[in-house]
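# An overview of the molecular structure
For reference, the chains in residue letters:
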Number of protein chains: 2
Amino acid sequence: MSGDQGEKANKQTSGGEQVVTPWDVQADEGVDYDKLIVQFGSSKIDDDLVKRMERVTGQKVHHWLRKEIFFSHRDLGEMLDLYEAGKPFYLYTGRGPSSGSLHFGHLVPFVFTKWLQDAFNAPLVIQLTDDEKFLWKDLTLEEANMLAYENAKDIIAVGFDPKKTFIFSDVDYIGHMYPNILGIQKKVTLNQVRGIFGMNDSANIGQFSFPAIQAAPSFSSSFPIPLRGDDDIPCLIPCAIDQDPYFRMTRDVAPKLGFRKPALIHSKFFPALQGAQTKMSASDATSSIYLTDTAEQIRHKIKHYAVSGGGDTAEEQAANGANLEKDIPYQWLRFFLDDDAKLDQVAEEYGAGRMMTQEVKDMLGDVLIGIVAKFQADRAKVSDDVVKEFMSVRPLEF
Amino acid sequence: MSGDQGEKANKQTSGGEQVVTPWDVQADEGVDYDKLIVQFGSSKIDDDLVKRMERVTGQKVHHWLRKEIFFSHRDLGEMLDLYEAGKPFYLYTGRGPSSGSLHFGHLVPFVFTKWLQDAFNAPLVIQLTDDEKFLWKDLTLEEANMLAYENAKDIIAVGFDPKKTFIFSDVDYIGHMYPNILGIQKKVTLNQVRGIFGMNDSANIGQFSFPAIQAAPSFSSSFPIPLRGDDDIPCLIPCAIDQDPYFRMTRDVAPKLGFRKPALIHSKFFPALQGAQTKMSASDATSSIYLTDTAEQIRHKIKHYAVSGGGDTAEEQAANGANLEKDIPYQWLRFFLDDDAKLDQVAEEYGAGRMMTQEVKDMLGDVLIGIVAKFQADRAKVSDDVVKEFMSVRPLEF
């Protein structure tokens, strides 16, 4: 997967059209997610579905569902039907390992996937697309593969269950998936890939066939390890909405191969410090906050780079309040402050001008520093042996 | 490889242009091989090179070299330099397993490769492109993979040295080659593949990236088994000339990856019974003679389907002699009768009309029946364990 949360930019477009692909997001005024649901043909996660998830799992849903950060789905209801009937499904997500350390945007799909794993007691496969990063970026294959193993440590530190989680690098695991990859490739024409992904003809041939590699883990037969006893168990894919084109293709192909269509649950994009209209770039360290940043770096970045929706002066802020929609500290708090009462209070006070930008930035700093401290402590415990365990081809336990 | 000897047709073209690709051969009056050398930019195997091969190996060359059946090459001289300097090279050839039993056309590259292996004491890798056949043909992957193992038995029966020969199915071996496949894919654009192979945009995406898979075994690092001690040893590829496009692409990419360009030695096409202008088709059993055919079937096919260049009546034949160029029984004898004196005699007597078509057909029948009898006896000795040995990933011995 290349489109980890936060890798995307909202580029200015000349027309009013919004374009969302795994490599490019173009939208004049930020992404219109309701419009995207219509454009992609997915379904909105509405209150009824959220309530049903709570009923089915017997617990409150993750706050990102309540906040509509995970906002769209395909066939999620069918997965709940299965779960209610005592039948298993497995989870599939991934990451394109293009840099050594993750930032907060990268964390979003994994934190949510861990919640899904726990709530549904579900097996999980995590694809690290070192092959994709090699094909698209100026990286050697050795570097991309090494980054996959580095990233695996960060992912494991999120807290996945080693008995139920299989992490794999495409480069190392490809042989196991090759029959399904070929099956998918045979059913997808060049014209279709060009239509879905918009690649041009000077792209390399690996890029044209790669979509089959990201599609393959959606079918449980790509895993010659018992995921949970059954042979062909259904798949639920949590991912950012820009990855949907891969899985529209996958869902189109699935019945032609006699497989079930994977279900999906889509998140919105995590905004860059400079605002939702700028690119959160791995090569621009000021555009995001890394899980390796120090407390001082975190406070510094928030202070200097996080775009504020508050008034330019204390007087203006007191008079007009903050534009919460444009305020990155508030928007980041929506993602990472898991305290609805406190968040509502910020929205009210800050929006009304009774709270200053610096207070909100300080609060965000506290939250992120706390998360990073816990993350770094957990990550320090992830030894090479633990990575080996998660990445070894083995039956998952249930 | 799809273009095994004899899979090709010489279709009638409207213009005078000849087109030779791995999937298609179009030429008005049979292929003009001298013109093809110019068109492809390869080099003719001349008398000097043949003599040098005899000097270097200390033995007579295979009669197909003397008869210009193997007629073209790239960098063959450099391979001879290496051999003279006591440095190793390895051989690479292959087959696309689209049918269960081989015919005489399929035998050509393997018989010649065995001669090369013996003459140069060279390690050999044989690629069975079950993935390719699945992508191009109406076959399941299981069928293609099963045919690969069936074909391996036929190939082994040609007499390769188990200590020096590694046979692999792409489907089973892909993981080992994947780093090199990716390296090749990254260096080849869609435009280039279309330019070289002429695929159209309704072809499937696997077909566009497949050329990298046929290219990969040209680089010794695709084999994590010591082929002969050295790390990066040069490669010599014996194949029919229609496979050259794959290896032009490979030679173009090689320096970009820091690898040596593979050398090549090209054969002409083995003609169908119905003549060089018709398609020798796996689905038309009358177009060729199979290594599973009985003596009776062989005589029947030669009698009824082998196009004769002789006179229509005994009188005409006596008066005008045979057109040897168009006479399939004579042309097949050129391939499979390894007795220059006898062949010269047929050419003279038959060409002059002192020998009748039926005599030549009988002679060809004797030769083919003899070869098939020996082949079938040898093939019967190839057990599943022997196949397993040839196809296991292991160091080759020298």
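Residues numbered from 1 in each chain as written. Chains lettered and ligands numbered in written order. Predicted model: local features only at pLDDT ≥ 70, side-chain atom pairs only at ≥ 80, totals over all residues. Heavy atoms only, no water.

Rules: UniProt positions are given in the numbering used here, feature names are shortened, and annotations may be inferred rather than shown by experiment.
As annotated in an unreviewed UniProt entry, chain A carries the name tryptophan--tRNA ligase and is attributed to Durusdinium trenchii. Note on chain A: under the UniProt heading Sequence similarities (unreviewed entry), the record states "Belongs to the class-I aminoacyl-tRNA synthetase family."

## Topic: the overall build of chain A
To keep things clear, this is the line we draw: Where helices and strands are cited, they refer to DSSP runs of H or I of at least four residues and of E of at least two residues respectively, numbered from the N terminus. Between the two quantities, the radius of gyration covers C-alpha atoms and the globule rule is 2.2 Å times the number of residues to the power 0.38. A 1.4 Å probe rolled over the protein chains alone gives each residue an accessible area, and that area as a share of the maximum for its type sets the label: buried under 20%, exposed over 50%, partly exposed in between. Every residue pair with non-hydrogen atoms within 4.5 Å of one another is taken to be in contact. The Shrake-Rupley method, run with a 1.4 Å probe sphere, supplies the accessible areas, and residue values consider only the shown protein chains as cover.
The helix and strand tally for chain A stands at 17 helices and nine strands. For a compact globule of 398 residues, the expected C-alpha radius of gyration is about 21 Å, and chain A comes in at 21 Å, within 12% of that figure. Taken over 398 residues, chain A has a buried fraction of 60%. In chain A, of all internal contacts separated by at least 6 residues, the share reaching a separation of at least 24 is 76%. Total accessible area on chain A stands at roughly 15100 Å², and carbon and sulfur atoms take up 49% of it.

## Quick look at the interface of chain B and chain A
Note the following rule: What counts as buried area is the accessible surface, traced by a 1.4 Å probe, that two parts surrender upon association, with contributions from both included. Only one rule defines a salt bridge in this text: a Lys or Arg side-chain nitrogen within 4 Å of an Asp or Glu carboxyl oxygen. Any N or O atom pair separated by 3.5 Å or less is treated as a polar contact, with the protein-specific requirement of one donor-capable and one acceptor-capable atom, and with residues adjacent in sequence counted only for side-chain atom pairs. All residues other than Ala, Val, Leu, Ile, Met, Phe, Trp, Tyr, Cys, Pro, Asp, Glu, Lys and Arg, Gly among them, are scored as polar; the first ten of these are nonpolar and the last four charged.
Contacts between chain B and chain A engage 32 residues on the former and 32 residues on the latter. Both faces considered, chain B and chain A share a buried interface measuring about 2700 Å² in area, 70% of it formed by carbon and sulfur atoms. By the criterion of area lost to chain A, the three top residues of chain B are Tyr178, Lys186 and Ile205 of chain B, representing 28% of everything that side buries. The tally of links between chain B and chain A comes to two salt bridges. At the surface where chain B touches chain A, the tally comes to 17 residue pairs in polar contact (both at pLDDT 80 or more). With 10 residues, the single largest contributor to the side of chain B that touches chain A is helix α8 (residues 170-186) of chain B. Its residues placed into classes, the side of chain B that touches chain A shows 17 nonpolar, nine polar and six charged.

## Quick look at the relation of the copies chain B and chain A
Counted only if it meets this: In this comparison the copies share one frame, found by least squares on the C-alpha atoms of residues holding pLDDT of at least 70 in both.
Overlaying chain B with chain A gives an RMSD of 0.0 Å, the required rotation being 180 degrees about an axis along which the chain moves by 0.0 Å. A rotation of that kind, with that shift, is consistent with a two-fold axis. Within chain B, Gly175 of chain B has its C-alpha nearest the rotation axis, a separation of 2.3 Å. The residues that chain B uses at the interface reappear at the interface of chain A in 100% of cases, marking a shared surface.

## Focus on the side chain of Arg194 of chain B
Mapped onto the elements, Arg194 of chain B comes out in helix α9 (residues 190-197). Side chain to side chain, Arg194 of chain B and Asp201 of chain B meet in a polar contact 2.6 Å long. Beyond its immediate stretch of four places on either side in the chain, Arg194 of chain B contacts Leu190, Arg194 and Asp201 of chain A together with Met199 and Asp201 of chain B.

## Some points on the sheet that holds strand β5 (residues 90-95) of chain A
Residues and elements named next belong to chain A. The following threshold applies: Any two strands with at least two DSSP bridges between them are considered paired. Axes here refer to lines fitted to C-alpha atoms; in helices the fit is confined to the stretch in contact. Angles between the N-to-C directions go from 0 to 180 degrees.
Spatially, β3-β4-β9-β8-β5-β6-β7 is the arrangement adopted by the seven strands of the open sheet, whose pairing is mixed. Each having just a single partner strand, β3 (43-44) and β7 (165-169) make up the two edges of the open sheet. Relative to the sheet, helix α11 (residues 244-253) contacts β4 (70-74), β5, β8 (235-240) and β9 (263-267), its axis offset from that of β9 by approximately 170 degrees.

## Let's talk about the packing of aromatic side chains
Here the distance between the centres and the angle between the planes together describe a pair of aromatic rings. Stated precisely, the cut-off is as follows: In summary, the pairing rule links any two rings of Phe, Tyr or Trp, Trp by its six-membered ring, whose centres are within 6.5 Å, and it sorts them by plane angle into stacked for under 30 degrees, edge-to-face for over 60 and tilted for everything else. Two thresholds decide whether a charge sits over a ring: the Lys NZ or Arg CZ must be within 6 Å of the ring centre and within 35 degrees of the ring normal.
If you walk through the whole model with that rule in mind, you get 64 aromatic pairs over all chains. When the centroid spacing of 5.5 Å and the interplanar angle of 20 degrees are considered together, the rings of Phe166 of chain B and Phe168 of chain B count as stacked. With 4.7 Å between their ring centres and 90 degrees between their planes, Phe270 of chain B and Phe335 of chain B make a pair best called edge-to-face. Of this pair, Phe270 of chain B sits in the loop between β9 (263-267) and α12 (295-305) while Phe335 of chain B sits in helix α14 (residues 328-336), and the two are 65 residues apart along the sequence. Judged by its relative accessible area of 2%, Phe270 of chain B is buried. One aromatic cluster is present, formed by Trp64, Phe70, Phe104, Phe112, Trp115, Phe270, Trp332, Phe335 and Phe336 of chain A through successive ring pairs. The side chain of Lys186 of chain A reaches across the aromatic face of Phe134 of chain B, ending 4.2 Å from its centre. Its guanidinium or amino end placed over the ring of Phe40 of chain A, Arg248 of chain A lies 4.3 Å from that ring's centre, counting from NZ or CZ.

## Some remarks on a negative patch on the surface
Residue and element names in this part refer to chain A. Applicable threshold: Patch membership is restricted to residues that have no salt bridge and whose relative accessible area is over 30%. Joining uses 9 Å for like charges and 5 Å for the nonpolar side chains Val, Leu, Ile, Met, Phe, Trp and Tyr. Counting rule applied: Lys, Arg positive; Asp, Glu negative; His and chain ends not counted. Note on charges: their place is set at NZ of Lys, CZ of Arg, CG of Asp or CD of Glu.
Together, Asp338, Asp339, Asp344 and Glu348 make up a negatively charged patch on the protein surface. Tracing the chain through its elements places Glu348 in helix α15 (residues 340-352). You can call Glu348 exposed: its relative accessible area is 53%.

## Section: the sheet that holds strand β6 (residues 124-128) of chain B
All names here are of chain B. Judged by pairing direction, the sheet is mixed, and its seven strands sit side by side in the order β3-β4-β9-β8-β5-β6-β7 without closing on themselves. Looking at strand neighbours, the two that pair on one side only are β3 (43-44) and β7 (165-169), the edges of this open sheet. Bridge count for β6 against β7 is five bridges, and the pairing is parallel. Paired with Leu124 across the two strands is Thr165, which belongs to β7. α8 contacts β6 and β7 of the sheet and is inclined by roughly 105 degrees relative to β7.

## As for unusual backbone geometry
The backbone phi angle of Asn121 of chain A is positive, close to 50 degrees, even though this residue is not glycine. Following the sequence through the fold, Asn121 of chain A ends up in the loop between α5 (104-120) and β6 (124-128). A positive phi is found at Asp75 of chain B, a non-glycine position, where the angle reads about 60 degrees. As for its position among the elements, Asp75 of chain B is in the loop between β4 (70-74) and α4 (76-84).

## Looking at the pattern of salt bridges
All names here are of chain A. According to the stated counting rule, one finds 44 salt bridges over all chains in the structure shown. Notably, a salt bridge pairs Arg260 with Glu78, separated by 3.7 Å at the nearest N-O pair. Of the two residues, Arg260 is situated in the loop between α11 and β9 and Glu78 in helix α4 (residues 76-84); the sequence distance between them amounts to 182 residues. Residue classification places Arg260 among the partly exposed positions, given a relative accessible area of 35%.

## Observations regarding the confidence of the model for chain A
Which entries qualify depends on this criterion: pLDDT measures how confident the predictor is about each residue, on a scale from 0 to 100.
A residue-level look at chain A finds 92% of positions with pLDDT of 70 or above and a mean pLDDT of 91. Our summary of model confidence lists the complex with pTM equal to 0.93 and ipTM equal to 0.92.

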